[in-house]
Amino acid sequence: MKPLLELKNISTFIGPFHILQGVSLEVYPGEAVVILGRNGAGKTTTLRSIVGLQPAASGQITLDGVNLLGLPPYQAVRTGIGYVPEDYGIFDFLSVEENLLIAMWIEDKDTLARRDSVLDLFPALKDSYKRPASTLSGGQRQMLSIARALVNENKIILIDEPSKGLAPIIVEKVRDALLKFKNKSTIILVEQNFDMACSVGDRFYIINEGRTELNGPIQELYDDQELQRKYLGVVNA
Amino acid sequence: MAALTNIISKNLTVKPVQALLLFLLLVILLIIPMISGMTTITLFSRIFILAIFGMSYDILRGFTGIINLGHALFFGGATYIAGILFNRVGPTLDVLLLAIITAFVLSAIIAYIMGQFAFRGTGFSGVIACAMITLAFGEIVRHTAETLRDYTQGADGLTFRIPEMFQDRFMMYYYALIFLIVMTIVLRQFVRSPTGRVLQAIRDNEQRARFLGYDTKKYKLIALVVAGMASASAGIMFALLTRFANTELLTVQSTLNALLYTIVGGTGTLYGAIIGTGFVQIAQNSLLELRGIHEIFSRWLIFFGAIYVLVVLYMPKGIIGAFYQLHASWQKRKKHG
Amino acid sequence: MAAGLSIILGLLGVVNFTHGTLFIWGGYVSIWVFGLSGNFFIALLAAIAAGILMGLIFERLFVRPVYGNVTAQILITLGLMTIFTDMVRLLWGPNPIPANRPDFIDGTWIWGSVIISQYRIFLIVIGVLVAIGINFLINRTRVGMIMRAGTQSPDMVQAMGINIKVYFSGVFAGGAALAALGGALYVPLVGSVWSGMGINNQILAFIVVILGGMGSFYGSAVGSIIIGLTVAMVSWFYPPLTVYSTVILLILVLSLKPEGLFGTAVRR
Amino acid sequence: MSETLIETKNLTINFGGLKAVNKVSISIHKGLFTTIIGPNGAGKTTLFNLISGLLQPTEGTVIFKGTDITRLSPMQRVAMGIGRSFQLTNVFPTLTVHENIRLALQAKNRTGYRIFTSYKRFRSLEEAATKLLEDVLLHDRGNFLAGSLNHGEQRKLELAMVLALKPDVLLLDEPTAGMALEEVPTMLELLEKTKKEQDNTILLIEHKMDLVTKLSDTVIVLVNGSVLTRGTAAEVSEDPEVLKAYLGGGILNETTA
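The numbering scheme is per chain: residues are counted from 1 as the chain's sequence reads. Labels follow written order: the first chain is A, the first ligand is 1, and so on. A pLDDT threshold of at least 70 governs which residues receive local features in this predicted model, and a stricter bar of 80 or more applies before side-chain atom pairs are shown or counted, although totals over entire chains, interfaces and linings include all residues. Values reported for side chains reflect all heavy atoms of the structure, with hydrogen atoms and water molecules removed beforehand.

*Asks:* How do you make sense of the overall build of chain D when you look at a structure like this?
*Replies:* Counting secondary structure elements, chain D contains 10 helices and 11 strands. Residue burial is assigned from relative accessible area. The probe radius is 1.4 Å, only protein chains are included, and a residue is buried under 20% of its type maximum, exposed over 50%, and partly exposed in between. Burial analysis of chain D (257 residues in total) assigns 57% to the buried set. Contacts in chain D between residues far apart in sequence, at least 24 positions, make up 66% of those at least 6 positions apart. Accessible surface is estimated by sampling points in the Shrake-Rupley manner with a 1.4 Å probe; for residues, cover comes only from the protein chains shown. Here chain D has roughly 10,500 Å² of accessible surface; of this, 50% comes from carbon and sulfur atoms. A run of H or I in DSSP becomes a helix once it reaches four residues, and a run of E becomes a strand once it reaches two; helices and strands are each numbered from the N terminus. Contacts are residue-level and defined by heavy atoms, with any inter-residue pair within 4.5 Å sufficient.

*Asks:* How do you make sense of the overall build of chain A when you look at a structure like this?
*Replies:* A count of helices and strands for chain A gives 10 helices and 10 strands. Here the C-alpha radius of gyration of chain A, 17 Å, is about what a compact globule of 237 residues would show, namely 18 Å. Each of the three principal axes of chain A carries a C-alpha extent, and together these read 50 × 40 × 40 Å. In chain A, which comprises 237 residues, the proportion classed as buried is 59%. For chain A, the share of sequence-separated contacts (at least 6 apart) that also reach a separation of at least 24 residues comes to 68%. When the accessible surface of chain A is split by element, carbon and sulfur atoms take 51% of a total near 9,400 Å². Charge assignment in this entry is limited to Lys and Arg as positive and Asp and Glu as negative, and neither His nor the chain termini are counted. In plain terms, the charge of a residue is placed at NZ if it is Lys, CZ if Arg, CG if Asp and CD if Glu. Side-chain charges of chain A comprise 25 positive and 29 negative groups, with the mean position of each set lying 3 Å from the other. For this measure, only C-alpha atoms enter the radius of gyration; the expected value for a globule follows 2.2 Å times N^0.38, where N is the number of residues.

*Asks:* Is there a simple way to think about the domain arrangement of chain D in this case?
*Replies:* As a measure of interface size, the accessible area lost when the parts come together is often cited. All names here are of chain D. Looking at chain D, the domain boundaries give domain 1 (1-81 + 170-257) and domain 2 (89-166). Facing 19 residues of domain 1, the contacting portion of domain 2 comprises 14 residues. Interface of domain 1 and domain 2: buried area, both sides summed, is about 1,200 Å²; carbon and sulfur atoms make up 67% of it. Between Lys or Arg on one side and Asp or Glu on the other, a salt bridge is scored when a side-chain nitrogen of the former is within 4 Å of a carboxyl oxygen of the latter. Inspection of the domain 1/domain 2 interface yields 0 salt bridges. In protein, a polar contact means a hydrogen-donor-capable atom and an acceptor-capable atom, both N or O and within 3.5 Å, with residues adjacent in sequence counting only if both atoms are side-chain atoms; elsewhere, any N or O pair within 3.5 Å suffices. Applying the counting criterion to the domain 1 and domain 2 interface returns 2 residue pairs in polar contact (both at pLDDT 80 or more). For the side of domain 1 that touches domain 2, the secondary-structure elements that each account for two or more residues are helix H2 (74-80), strand S8 (169-173) and helix H6 (184-197). An automatic or database domain assignment is the source of the domain bounds shown. Buried area is understood as the total, over both parts, of accessible area removed when two parts are fitted together, assessed with a 1.4 Å probe.

*Asks:* What is the right way to read the side chain of Arg203 of chain A from this model?
*Replies:* Residues and elements named next belong to chain A. Relative to the elements of secondary structure, Arg203 occurs in strand S9 (residues 203-208). Within the structure, Arg203 has its side chain in polar contact with the backbone oxygen of Glu26 (distance 2.7 Å). A distance of 2.9 Å separates polar atoms of two side chains, one belonging to Arg203 and the other to Glu31. The contacts of Arg203, once residues within four sequence positions are left out, are Glu26, Val27, Tyr28, Glu31, Ala32, Val33, Val34, Asn215, Gly216, Pro217 and Ile218.

*Asks:* Even after reading the chapter, I still don't get the sheet that holds strand S3 (residues 32-36) of chain A, so can you show me in this structure?
*Replies:* Where strands meet in a sheet, backbone hydrogen bonds hold them as pairs that are either parallel or antiparallel. All names here are of chain A. Two strands qualify as a pair provided DSSP detects at least 2 bridges between them. The mixed open sheet is built from 6 strands, whose spatial order is S6-S7-S8-S3-S9-S10. In this open sheet, the two edge strands, each paired with only one partner strand, are strand S6 (81-84) and strand S10 (211-217). If you compare each strand with its neighbour and ignore which way they point, the axes differ by 15° on average. For S6 and strand S7 (residues 156-160), the ladder comprises 4 bridges, and the chain directions are parallel. Paired with Val84 across the bridge in S7 is Ile159. In the packing of helix H6 (residues 138-150) onto the sheet, the strands contacted are S6 and S7, and the crossing angle to S6 comes to about 170°. Angles here are taken between N-to-C directions and fall from 0 to 180 degrees, while the axes themselves are lines fitted to C-alpha atoms, restricted in helices to the stretch in contact. Together, S3, S7 and strand S8 (186-190) form the strand contacts of helix H7 (residues 168-182), whose direction differs from that of S8 by roughly 155°.

*Asks:* Can you help me understand unusual backbone geometry in this one?
*Replies:* Most of the time, phi is negative for any residue but glycine, and the peptide bond is trans. Residues and elements named next belong to chain A. In this structure, Tyr88 takes a positive phi of about 70° despite not being glycine. With respect to the helices, strands and loops of the structure, Tyr88 is situated in the loop between S6 and helix H3 (96-101). Phi at Glu209 is positive, roughly 50°, even though this residue is not glycine. Tracing the sequence through the fold places Glu209 in the loop between S9 and S10. Look at Glu209 and you get partly exposed, because its relative accessible area is 29%.

*Asks:* Which parts of the structure should I look at to understand the nonpolar core?
*Replies:* Looking at soluble globular proteins, one finds that nonpolar side chains tend to be buried together. Put simply, buried Ala, Val, Leu, Ile, Met, Phe, Trp, Tyr and Cys residues joined by side-chain atoms within 4.5 Å make one nonpolar core. In terms of nonpolar packing, the biggest core is built from 204 residues, with Tyr173, Leu212 and Tyr308 of chain B, Leu78 of chain C together with Leu157 of chain D touching the most fellow members. For this core, the element with the most residues is helix H11 (residues 216-242) of chain B, which contributes 17 residues. When residues of this core are sorted by domain, at least three fall in each of domain 1 (1-81 + 170-257) and domain 2 (89-166) of chain D. Residues in contact with Leu78 of chain C, not counting those within four places in the same chain, are Leu69, Val252, Leu256 and Tyr308 of chain B together with Phe17 of chain C. Listed in part, the 81 residues of the second largest apolar core include Leu4, Ile81, Tyr88 and Phe91 of chain A.

*Asks:* Explain a nonpolar patch on the surface here, please?
*Replies:* Residues and elements named next belong to chain B. A cluster of nonpolar side chains, contributed by Leu26, Val27, Leu30, Ile31, Met34, Ile35, Ile181 and Ile185, occupies part of the molecular surface with about 680 Å² of accessible area. For the nonpolar patch, the elements supplying multiple residues, two or more each, are helix H2 (16-35) and helix H8 (169-192). Per-element accounting of the nonpolar patch gives the leading share, 6 residues, to H2. By secondary structure assignment, the location of Ile185 is in helix H8. Judged by relative accessible area, Ile185 falls into the partly exposed class, the value being 42%. Patches here are clusters of residues that have more than 30% relative accessible area and form no salt bridge, with a 9 Å joining cutoff for like charges and a 5 Å cutoff for nonpolar side chains (Val, Leu, Ile, Met, Phe, Trp, Tyr).

Here's what the structure looks like:
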């Protein structure tokens, strides 16, 4: 099978920092891939390089055969990417409704229908539909951000640490939401919460010091505690 | 002559080759008045004096990273002080001394007050605030000069007599040249002093300078006071050269002139201001001579603005910077070829 | 005019010194077109068109390369100010040109002992209309939505599949159009237009914007009122101090509270 | 235990509702090498900013050598003996490497206000700067512009600048951040040397655990703005709470159960 999204040997700099020093990954249609790794390993930067917000200097990025490398973010996104950033990227000065509207560059019947079904997924958003987004709680922001990535007919959804900074009960809710639409779309999930990663992901990649070092089915990682400690824990081997 | 270049080289800490070039330049400049007409002599005197104005701006913009949109007030203010004193008291050398002292003291005080207000913020809004506040100070002085018509004659301009020893254009050329050399050495010494280095550190990275323990606001104040006084000294010389002052000298346009001199020549180099002034003044003169061909050549300001915008966009390091770049790529090619 | 500047400074984070220039261009163009056509509204439209055109040119060619670099913005826009102010002198001469008010609003109403010129009423009406219009644009349209989102995070707007650069140009041109319109409306009020008018108004507008807080539209409206009242009061008691009072107000506000009184400070 | 150099009491800062640092009370002892670790967004750099004076706390105090310095400016704190480096490289790019260091030395010697003496007259500064450059292995880079150095070299330069201040305590914010892997061992050596030779008090933020283990006397774990625990590197890495914070609790329930 051909991969839907393919990254080959991506190299990205932020200013003088050589953040990504060789990231390669393949995502197949319908699967949920989890990117794991320690703080500062380059997980977030990988997502930002795919979207074009942190353009990669070299390498190859293709989505469904379309080259993404060098595209400005707005064009990259329009090839079919839903992006849920780490800090949610909610526009505070806009209402919840407007936050959804701004993501819909085609306002046709399909999109509107999709919006309604997305809203069914997150009932909490319906209640505060007309309110300014600045009044939302952290969990609601996360939901809104995910909802926003779903309103378009995207080929792949990139989600950056959805559990970060949220209370455990809210994390549960976010996980439930992810599980609900997981089967309908292809997902890349960056996560430090191991629980969440294991329950949502099918396959994992570990990024260490800006390089993809390891990948395989999530179950393998789940069973191998040595591996977990080496790459994810506080202790180095 | 070898001995002379040696002395220059040692005292100015430059390479012998550069010292020789400097010496030749000096000889040429000394000969110019003897072989050329009055227009050229006056043009060059003008360049020498305005170059000081430009250099004083470079202390701020080039070495400290401050944008002062009211800088002309020191220059024009000093010209007015000299002019008014010559008119009211008399065109003698004593009065000139009085004018110099008054101009220095006043510029230092105004610079100090201006800095107190202008250097409060840092970062993005700090830069804007600084530009606006200095602009406001400049406008206050200009407006005052326009209001005090009894003293300044407002926009009509003030003509005045000057002490006898400066009346000869020929000699004035040499005075201006000596003045330029002295001020260049003084300002050069300033930027190479420990204080000067701290200023450059502030320009590069103000936050880091603070975390080394430098009180950056104090250093910016020093820079503004020194630049203000240097520019006042140029203003006095300008009064002696032109024997005329009008409120045009105090406008933002006048400040922009100084800014143009430094950025055309190359900011942060000091000498750039001299080259820039020479280039701009000579360009202005040649353009004005083309006036007969088409009316547009009399619109100096349009060309001024165009040069200015193009330099900011495409040659941010000025003539000196472009020269170094050429030099570097030329050496590279030599190495490879 | 202040509204235009506020929009540019606030939404784009660009310091713009060409505003005073656009202001006088608006004034000259409207007088010129008014003279040709005899229709005041066509003259106003022409001024707006000139503003948009110049705004687009400025943004595309000169401001775009220096987004995010405040110093370069100040320097470049100052240069443009010089060029285009002098261009006015080249095209229309250095002397003030008298401007007539259109006949239909040239009269005055006398109401007891108070004399009100119709033109002032007309200005107030236009001002209110423009304010309502801008308010509608910002709060009710997709363009406004994108603009509001863009002030917070241009990156995220891009990640929504929107080419934010186009909107930046639009905002810049819109601000420029408002400045030109301001000039076109101001000129008949004072009765003439001259090339030095720009810088004074530039400073006034900056004061208004800064008083009101950069990027805050309501702030700049409040700022206008504060400035208006101060100027009126000082010129009532002691006219020669008028200019000083505004400038000193600016210095005080900037040095005490650089982000403005109603500060949604510009970050970036 | 040795005398306390820095002490924070209930240090708290709010960023629009988010408590980036929440009631942090720690004490840094003289002569010890203390490292702060914690997941992203735990408030490590914010804590540095509070101690060095870049930010003012919403609540709480910072005490240095027995004096309350909570309201002092960064400059005053540097003068009292707190030197810091930054996470993002922070040198003077258009000055030479040598000049960068000399500026730091000059700040310590208080010769900054000599207006008209050439800086070359201060021989002792020149020599001290050269010596420091040798210490951080940059002696052949003295005449380069700091901005032209590669990233790793800039980090070394920054370390030298902090050392030049001869502070009583060094705050080092991720000196290895963004470095190429090959360069990290050199930085480790430099840090070890600094620790050994000059009985310095050092407070370090670091992610690379091997570095942390080798260097630290004490490790403080910060999570969600609060201190989770402190102890030696070995103690901390065995602490189930810490593992949970890093792994999100997934495997932990099973390993302990």
